[in-house]
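Working through the structure, step by step
Next come the chains, spelled out residue by residue.
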Amino acid sequence: MLARTRSPSIAILVVAGGRGSRAGEGLPKQYRTLAGRTVLARTLRAMRAGAPDASLKVVIHPDDRELYAQCVAELDVADRAALSEAALGGATRQESVSNGLEAIAREGAPEIVLIHDAARPFADPALIARAIEAARAHGAAVPGVPLADTVKEIDANGFVVATPDRARLRAVQTPQSFRFDLIVAAHRAAAAGGREYTDDAMIAEAAGHAVHVFPGDAANFKLTTPEDFARAMDQLKQPSLASLPDVRTGQGYDVHAFAEGDKVWLGGVAIPHSHALAGHSDADVLMHAITDAVLGAIAEGDIGAHFPPSDPQWKGAASSIFLAHACKLVRDRGGMIAHIDATVVCEAPKVGPHRDAIRESLARIMGMDVGRVAIKATTTEKLGFTGRREGIAALAIATVRLPE
Ligand code: MG
């Protein structure tokens, strides 16, 4: 995953360390799903589309390693190859950006760096090209859009103090673009001065650099509120399930034996138990059954055909990689997964207390509403191998809808 071997002249730093959950669902917004893909995966795809030769680095919150790994699993191989190891964020956005810049500096300083918000997935290639060109021409540059509303400056009592000329105002977006050495030095000076700044342009300004404003793009808005997510869905013009007439059903079945250990993975959730499940990957028997059901619905073979157990790269792998790949194959055909129904068969551990956590985990990996993911559990009344507590079996059915 490291891009150390080449020294691209453009690096893109995507800042995804925020905790913002104003958009609902309790998840940081950059990890929320937008029409089947996480916001962060969409943002990374957009940045690569605009700058295919650039290296990518993401700054993540230390608590989000698992969410980030799932997001990376959604990416195409080429996009993943452009990603260097994630940097960990700090207490503020400024500190997070600084950590990311220093990590890039250690890997080999590029000529230009673009600093971009993870929650802006709609930066188009023309905007990214303008950002790169502006940084080369001016050293420091930010995209700005004219304001639709008149702006008032007010005092502490809420009275208007001034009405700035709207024609001279711009609302500033990202990617903000800089000569790398310039912004690294400016960030170091800002940190040494102990002042907090709201964006990277301000840090360049504080260091005495003229910052150029180039045309932004109204479509490149930042996802913050639930209304922003609704607007994003409109902008994506996603098909609805009802518009996909070709309804397919796939089934999956899997068994893993118990081995020594203290937890089993079911649907991406670690459940404490007296044993683990044996297997080449993390042995998530439920996720394997669901992956096979999705592959079955689109007649794409089975999990072993896509991820051969003989291939050492899948040893100990998180099974979310397999499931995310199957879901991507559905999306690549313009399809959507309408419903998953799965049953876990074992005497122990008890699945019921973990049911909703498992449903939420699967819904996130699959980019589906949790209301479309059903998980059931049963014993076999002590009969057979599951009854003798020798292992766990899982069955799954996937309903997939494809375009005509
Ligand atoms: Mg398996």
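Along every chain, residues carry numbers that run from 1 in the direction the sequence is written. Totals for whole chains, interfaces and linings use all residues, but because this is a predicted model, local features are given only for residues with pLDDT of at least 70 and pairs of side-chain atoms are given and counted only at 80 or more. Only hydrogens and water are set aside; all other atoms, that is, all heavy atoms of the structure, feed into the side-chain values.

**Some points on the overall build of the protein**
Heads up, the condition is: Secondary structure elements follow DSSP: runs of H or I no shorter than four residues count as helices, runs of E no shorter than two count as strands, and numbering proceeds from the N terminus. Each radius of gyration reported is based on C-alpha atoms, and the globular scaling rule is 2.2 Å times the count of residues to the power 0.38. Each residue gets one of three labels from its accessible area relative to the maximum for its type: buried under 20%, exposed over 50%, partly exposed in between, using a 1.4 Å probe on protein chains only. Only heavy atoms enter the contact rule, under which two residues are in contact if any of them lie within 4.5 Å. Residue burial considers only the protein chains on display, and all accessible areas are found by Shrake-Rupley using a 1.4 Å probe. All tallies of charge rest on Lys and Arg as positive and Asp and Glu as negative; His and the ends of each chain are not included. Taken as the charge location is NZ of Lys, CZ of Arg, CG of Asp or CD of Glu.
Within the protein, the regular secondary structure consists of 13 helices and 19 strands. In terms of C-alpha radius of gyration, the protein reaches 24 Å, essentially the compact-globule figure of 22 Å for 404 residues. Seen along its three principal axes, the alpha-carbon backbone of the protein occupies a region of about 80 × 45 × 45 Å. Going through the 404 residues of the protein one by one, you find that 49% of them count as buried. Taking the intrachain contacts of the protein between residues at least 6 apart in sequence as the baseline, contacts between residues at least 24 apart amount to 74%. Put simply, the protein shows about 18400 Å² of open surface, and 52% of that area lies on carbon and sulfur atoms. For the protein, the separation between the mean place of its 44 positive charges and that of its 48 negative charges on side chains is 1 Å.

**Here's the deal with the domain arrangement of the protein**
What counts here: An automatic or database domain assignment supplies the residue ranges for each domain. Put simply, buried area is how much 1.4 Å-probe accessible surface two parts lose in total, over both of them, once they are put together. Any Lys or Arg side-chain nitrogen found within 4 Å of a carboxyl oxygen on Asp or Glu counts as a salt bridge.
The domain architecture assigned to the protein consists of domain 1 (10-236) and domain 2 (241-402). The C-alpha-based centres of domain 1 and domain 2 are spaced at 36 Å. A combined buried area of about 890 Å² lies between domain 1 and domain 2, and 52% of that area is made up of carbon and sulfur atoms. With its nearest N and O atoms 3.1 Å apart, the salt bridge here joins Lys328 to Asp76.

**Side note on the pattern of salt bridges**
The final tally for this structure, using the stated rule, is 16 salt bridges. Measuring nitrogen to oxygen at the nearest pair gives 2.8 Å for the salt bridge that ties Lys376 to Asp341. On the criterion of sequence distance, the pair formed by Lys376 in strand 18 (residues 373-378) and Asp341 in strand 17 (residues 336-345) is long-range, its members being 35 residues apart. Residue Lys376 is classed as partly exposed on the basis of its relative accessible area, which comes to 35%. By relative accessible area, which is 27% here, Asp341 ends up partly exposed.

**A look at the state of the cysteines**
Let me state the cut-off plainly: Here, the term disulfide refers to a pair of cysteine sulfur atoms separated by no more than 2.5 Å.
As enumerated under the stated definition, the model contains zero disulfides in all. Note on Cys71: no disulfide assigned, nearest cysteine sulfur contributed by Cys327 at a separation of 14 Å. Residue class for Cys71 comes out buried when judged on its relative accessible area of 1%. Relative accessible area serves as the criterion here: at 2%, Cys327 is assigned to the buried category.

**Quick word on a nonpolar patch on the surface**
Counted only if it meets this: Here a patch means residues that are over 30% exposed by relative accessible area and free of salt bridges, tied together within 9 Å if like-charged and within 5 Å if nonpolar (Val, Leu, Ile, Met, Phe, Trp, Tyr).
Together, Tyr253, Val255, Phe385 and Leu395 give the surface a local cluster of nonpolar side chains, amounting to about 340 Å² of exposed area. Relative to the assigned elements, Val255 resides in strand 13 (residues 246-260).

**Considerations on the sheet that holds strand 18**
Applicable threshold: Note: two strands are recorded as paired if DSSP finds a minimum of 2 bridges between them. Note on geometry: axes are lines fitted to C-alpha atoms, helical ones only across the stretch in contact, with angles between N-to-C directions running from 0 to 180 degrees.
Reading across the sheet, the five strands line up as 16-13-19-17-18 and stay open at both edges, with mixed pairing between neighbours. A strand with exactly one partner marks an edge of an open sheet, and here the two such strands are strand 16 (275-277) and strand 18. Between one strand and the next, the sheet's axes are offset by a mean angle of 20°, whatever the strand orientation. Note that strand 17 and strand 18 share six bridges and pair parallel. Residue pairing for strand 18: Val345 is matched across the bridge by Thr378. Contacts between helix 9 (residues 285-297) and the sheet are confined to strand 13, strand 16, strand 17, strand 18 and strand 19 (391-402), with strand 13 contributing the most and set at about 155° to the helix.

**Brief notes about the pairing of strand 19**
Note: strand 13 against strand 19, 12 bridges, orientation antiparallel. Of the residues in strand 19, the one forming a bridge with Val255 is Ala393. Pairing of strand 17 with strand 19, which is carried by nine bridges, proceeds in the antiparallel orientation. Paired with Val344 across the strands is Ala394, a residue of strand 19.

**With respect to the packing of aromatic side chains**
Under the convention used in this document: Each aromatic pair joins two rings of Phe, Tyr and Trp (for Trp, the six-membered one) with centres within 6.5 Å, and gets the label stacked for planes under 30 degrees apart, edge-to-face for over 60, and tilted for any other angle. Working rule: Lys NZ or Arg CZ, within 6 Å of ring centre, within 35 degrees of ring normal, means a charge sits over the ring.
Counted by the stated rule, this structure contains four aromatic pairs. Between Phe307 and Trp314, the ring centres sit 4.8 Å apart and the planes meet at 85°, which makes this aromatic pair edge-to-face. Ring geometry for Phe307 and Phe322: centres 4.6 Å apart, planes at 40°, overall tilted. Of this pair, Phe307 sits in the loop between helix 10 (303-306) and helix 11 (320-332) while Phe322 sits in helix 11, placing them 15 residues apart in sequence. For the residue pair Phe307 and Phe322, the accessibility class agrees, reading buried in each case. Within the aromatic cluster, the residues linked to one another by ring pairs are Phe307, Trp314 and Phe322. Above the plane of the ring of Phe229 lies Arg32, whose end atom (NZ or CZ) is 4.0 Å from the centre. In this structure, Arg231 packs its charged tip against the face of Phe221, placed 3.7 Å from the ring centre.

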